[in-house]
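Structural overview for review
So you can see what is in the structure, the chains are spelled out below.
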Number of protein chains: 4
Amino acid sequence: MSQPEVAVANPLEPAPTEPAPHEHGYTANKEAYLRRLKRIEGQVRGIARMVDEDKYCIDILTQVAAVTKALHAVSLGLVEEHIGHCVVGAASEPNPELRAEAIDFKVKEATDAIGRLLR
Amino acid sequence: MSQPEVAVANPLEPAPTEPAPHEHGYTANKEAYLRRLKRIEGQVRGIARMVDEDKYCIDILTQVAAVTKALHAVSLGLVEEHIGHCVVGAASEPNPELRAEAIDFKVKEATDAIGRLLR
Amino acid sequence: MSQPEVAVANPLEPAPTEPAPHEHGYTANKEAYLRRLKRIEGQVRGIARMVDEDKYCIDILTQVAAVTKALHAVSLGLVEEHIGHCVVGAASEPNPELRAEAIDFKVKEATDAIGRLLR
Amino acid sequence: MSQPEVAVANPLEPAPTEPAPHEHGYTANKEAYLRRLKRIEGQVRGIARMVDEDKYCIDILTQVAAVTKALHAVSLGLVEEHIGHCVVGAASEPNPELRAEAIDFKVKEATDAIGRLLR
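Residues numbered from 1 in each chain as written. Chains lettered and ligands numbered in written order. Predicted model: local features only at pLDDT ≥ 70, side-chain atom pairs only at ≥ 80, totals over all residues. Heavy atoms only, no water.

**Quick word on the overall build of chain A**
- For chain A, the count of helices and strands is three helices and zero strands.
- Secondary structure elements of chain A occur, N-terminal to C-terminal, as α-α-α.
- Per-residue burial over chain A gives 51% buried out of 119 residues.
- In chain A, the share of contacts with a sequence separation of at least 24, taken over all contacts with a separation of at least 6, comes to 59%.
- Of the accessible surface of chain A, which amounts to about 5,600 Å², a share of 55% is contributed by carbon and sulfur atoms. (Helix = DSSP H or I, 4+ residues; strand = E, 2+ residues; numbered from the N terminus. Buried < 20%, exposed > 50% of the residue type's maximum accessible area, 1.4 Å probe, protein only. Contact = heavy atoms within 4.5 Å. Areas by Shrake-Rupley, 256 points an atom, 1.4 Å probe, with all protein chains shown as cover.)

See the structure below:
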C-alpha cells in the first residue's frame, strides 16, 4: 500500500547539492524519533506474537490502540516541527511574492497531512 | 508504556487445561493477521529509515497515517471476529442467568476496546 | 450530504405492522440520548456563536474537539446497545441456518458502522 | 462539559480596544463557516429525531459518523487558517526575540489543538 522509500519530490525543498540538504524540523530530535519508532516496531512485533500465541482478542485490541496512540504522538511531534520549521521558514522568505506562495504551499501541505491523520 | 506479553487474566475464557484453549475469533485467519502485522512492522521500519535519511517531514507523516490506517483495519477485523465469536458465544450459554452476565461482560469489553480505538 | 430522515430498509428488522416495531437497544435510554443530543446541538450552536463573535480560532477548535468527543460517546453507547441487543437477538434465533445468517449480517453491520466512526 | 462562551484569555491576541480586534484567519470565510455549522446543527437535530422515532441504531450511527466527519472538516479549515494567519503572523514580528517566542507559542497552541482533535 505505502512506499516509505519513495519520497515525493518537493519543489520548495533545498536541492540535494546544497551544503545542508537534511535540515528538517525534526533533525534536532532525530535520535529521539528513531528510539520511539524502534519501540513502536517492537510493539507491533509484540502484537504479532500475541496473535501467534492465540492471546485474547481484547488484549490484542488494547495493544493495537496503544500503538495507534504512540503513532499519533509521533505524528504530532512531526507536525509541530513542520509548522515551526517549514511553515515559519517559508514566512521568512524575503521576496514577498515568493513568500506568499511558499507559505500557502506549506500550510496547505501541513493541513492535508493533518487531514490524513484525522481520517 | 504497553506490555504486549502480559495478557490480562479473563475469568470468562476457557481455563488453560481445556482441550482447545486457543479458539478465538481470529484463529481461522491467524496467518493473514500475521502477514498484515509483518507488513505493518516493515512500514514502521521504513518510517524510521525515512527519519534516519532526513526525508521530508510531510512524506513521513503520510507514511505514519498509512500505518495508522493499516492498524485500524487490523482492529476492525479483530472487533468483527470478537463480536461474532466471543459475544455470540456468550449468547449461546444455556444457563440463562450465566448467559445474561456473560453477554454483558463481553459486550462491555468489546465496547471498551472500541472506545480505546476511537480515542 | 446525509439524510437523517431516510432510514435504510432493513430486512432483518421487524415489519412495521408488528406490535412493538420500535424495540431497539437504545430505547430504554431514549430520554438520556435525547438529552445528550440536545446538549450537543447547543454546543454546535455555541461554536457558531463563537465564529460569529470572532473568537480566537484555537478556542473554537477546542470546542469542536469537545463536540466530537461527545458524539463519540453517543456512538459508543449506541454500539454497545446494538451489540447487546441486535447481535445477541440474532444469536437467539431458533432456526440454526437463519441464525448464522442473521448473526453474520448484524456483526458485519456493526463492524461497518464502527469502521465509519474510526475513519 | 464545555463552555463555548468563555474564551480563554490569550496574551498574544490584540487587546479589545485595538481598531481591528476581530481579525482571525477564518474571518474572510465567516459566512461559509456559519453555514456549515448551521447544517451540522441541523444534522444533530436530525439524529435526535431519529432516536425519538426509534430508527434503527445502525442508521443513527451512520449519521453520527457523518456529523463527526463534517466537524473534522470544519476543524481542518480552522487549523489551516490558524497556521496561515496566526503562526505566519507571529513569524512576521520584527523583534527577533519576541518573534521566536510568539512563534513557539502559536505553534505549540496549534499542535495542542490538533492533538485534541486526534484524541
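**Thoughts on the relation of the copies chain C and chain B**
- Placing chain C over chain B gives an RMSD of 0.0 Å and needs a rotation angle of 180°, together with 0.0 Å of translation along the axis. Classification of the inter-copy transformation places it as that of a two-fold axis.
- Residue by residue, 100% of the interface of chain C is reproduced at the interface of chain B, so both copies engage with the same surface. (Least-squares fit on C-alpha atoms with pLDDT ≥ 70 in both.)

**Some remarks on the interface of chain A and chain B**
- The partner chain B presents 59 residues to the 58 residues of chain A that form the contact.
- The contact between chain A and chain B buries some 5,600 Å² in all, and 67% of this surface belongs to carbon and sulfur atoms.
- For the pair chain A and chain B, the interface holds four salt bridges.
- The partner of lysine 30 of chain A in a salt bridge is aspartate 54 of chain B, and the shortest N-O contact between them spans 2.9 Å.
- Counting every contact that joins chain A to chain B gives twelve residue pairs in polar contact (both at pLDDT 80 or more).
- For the side of chain A that touches chain B, the secondary structure elements donating two or more residues are helix H1 (30-52), helix H2 (57-91) and helix H3 (96-118) of chain A. (Buried area = accessible area lost by both parts, 1.4 Å probe. Salt bridge = Lys/Arg side-chain N within 4 Å of Asp/Glu carboxyl O. Polar contact = N/O pair within 3.5 Å; in protein donor to acceptor, adjacent residues only side chain to side chain.)

**Comments concerning the nonpolar core**
- With 148 residues, the main nonpolar core has Ile40 of chain A, Ile40 of chain B, Ile40 of chain C together with Ile40 of chain D as its most contacted residues.
- Among residues more than four places away in sequence, those in contact with isoleucine 40 of chain C are Val67, Ala70, Leu71 and Val74 of chain C together with Val44 of chain D. (Core = buried A, V, L, I, M, F, W, Y, C linked by side-chain atoms within 4.5 Å.)

**Observations concerning the interface of chain C and chain B**
- Listed as interface residues are 17 residues of chain C and, on the opposing side, 17 residues of chain B.
- Both sides together, the interface formed by chain C and chain B hides about 1,700 Å², and carbon and sulfur atoms give 87% of it.
- Linking chain C to chain B there are zero salt bridges.
- Viewed at the interface, chain B and chain C are joined by zero residue pairs in polar contact (both at pLDDT 80 or more).
- For the side of chain C that touches chain B, the secondary structure elements donating two or more residues are helix H2 (57-91) and helix H3 (96-118) of chain C.
- With nine residues, H2 of chain C is the single largest residue contributor to the side of chain C that touches chain B.
- Across the side of chain C that touches chain B, the residue classes tally to eleven nonpolar, four polar and two charged. (Nonpolar A, V, L, I, M, F, W, Y, C, P; charged D, E, K, R; others polar.)

**Some details on the pattern of salt bridges**
- This structure, assessed with the given rule, holds 24 salt bridges over all chains.
- Where lysine 55 of chain D meets glutamate 53 of chain D, a salt bridge forms, and the shortest distance between an N and an O atom there is 3.5 Å.
- In this structure, a network of salt bridges that share partners links the residues Lys38, Glu41 and Arg45 of chain A together with Lys38, Glu41 and Arg45 of chain B.

**Things to note about helix H2 (residues 57-91) of chain B**
- With 35 residues, H2 of chain B extends 49 Å between its outermost C-alpha atoms, agreeing within 8% with the 51 Å of an ideal straight helix rising 1.5 Å per residue.
- Buried residues dominate H2 of chain B, accounting for 28 of its 35 residues. (Expected span 1.5 Å × (residues − 1).)

**Side note on a positive patch on the surface**
- Residues Lys69 of chain A, Arg119 of chain B, Lys69 of chain C together with Arg119 of chain D make up a contiguous surface patch of positive charge.
- Tracing the backbone shows lysine 69 of chain C in helix H2. (Patch = residues over 30% accessible without salt bridge, like charges linked within 9 Å, V, L, I, M, F, W, Y side chains within 5 Å. Lys, Arg positive; Asp, Glu negative; His and termini not counted. Charge placed at Lys NZ, Arg CZ, Asp CG, Glu CD.)

**Some details on the packing of H2 of chain A against helix H3 (residues 96-118) of chain B**
- Axis separation between H2 of chain A and H3 of chain B bottoms out at 9 Å; the angle between their running directions is 15°. When the axis of H2 of chain A is compared with that of H3 of chain B, the two are roughly parallel. Crossing geometry of H2 of chain A relative to H3 of chain B is assigned as left-handed. Along its contact with H2 of chain A, which presents Ile58, Leu61, Thr62 and Ala65 of chain A, the element H3 of chain B presents Glu109, Ala110, Ala113, Arg116 and Leu117 of chain B.
- In the contact of H2 of chain A with H3 of chain B, the residues fall into six nonpolar, one polar and two charged. (Axes fitted to C-alpha atoms, helices over the stretch in contact; angles between N-to-C directions. Parallel < 35°, antiparallel > 145°, perpendicular 65-115°, else oblique. Left-handed = near helix turned anticlockwise from the far one by under 90°.)

**Describing helix H1 (residues 30-52) of chain B**
- With 23 residues, H1 of chain B should reach 33 Å at 1.5 Å per residue; the first-to-last C-alpha distance of 33 Å fits that figure.
- Count one or two residues on from H1 of chain B and you reach aspartate 54 of chain B, which has phi positive near 55°.

**A word on unusual backbone geometry**
Residues and elements named next belong to chain C.
- Despite not being glycine, aspartate 54 shows a phi value in the positive range, around 55°.
- On the secondary structure map, aspartate 54 appears in the loop between helix H1 (30-52) and H2.
- Look at aspartate 54 and you get buried, because its relative accessible area is 8%.

**Some points on the confidence of the model for chain A**
All names here are of chain A.
- Here chain A shows a mean pLDDT of 82. Residues at 70 or above account for 80%.
- Within chain A, the lowest mean pLDDT, 91, falls on H3, and the highest, 97, falls on H1.
- For the stretch residues 1-22, pLDDT sits under 50, and the model shows 33 contacts to residues farther than four places along the chain or on other chains.
- Two summary scores accompany this predicted model of the complex, namely pTM at 0.78 and ipTM at 0.77. (pLDDT = per-residue confidence, 0-100.)

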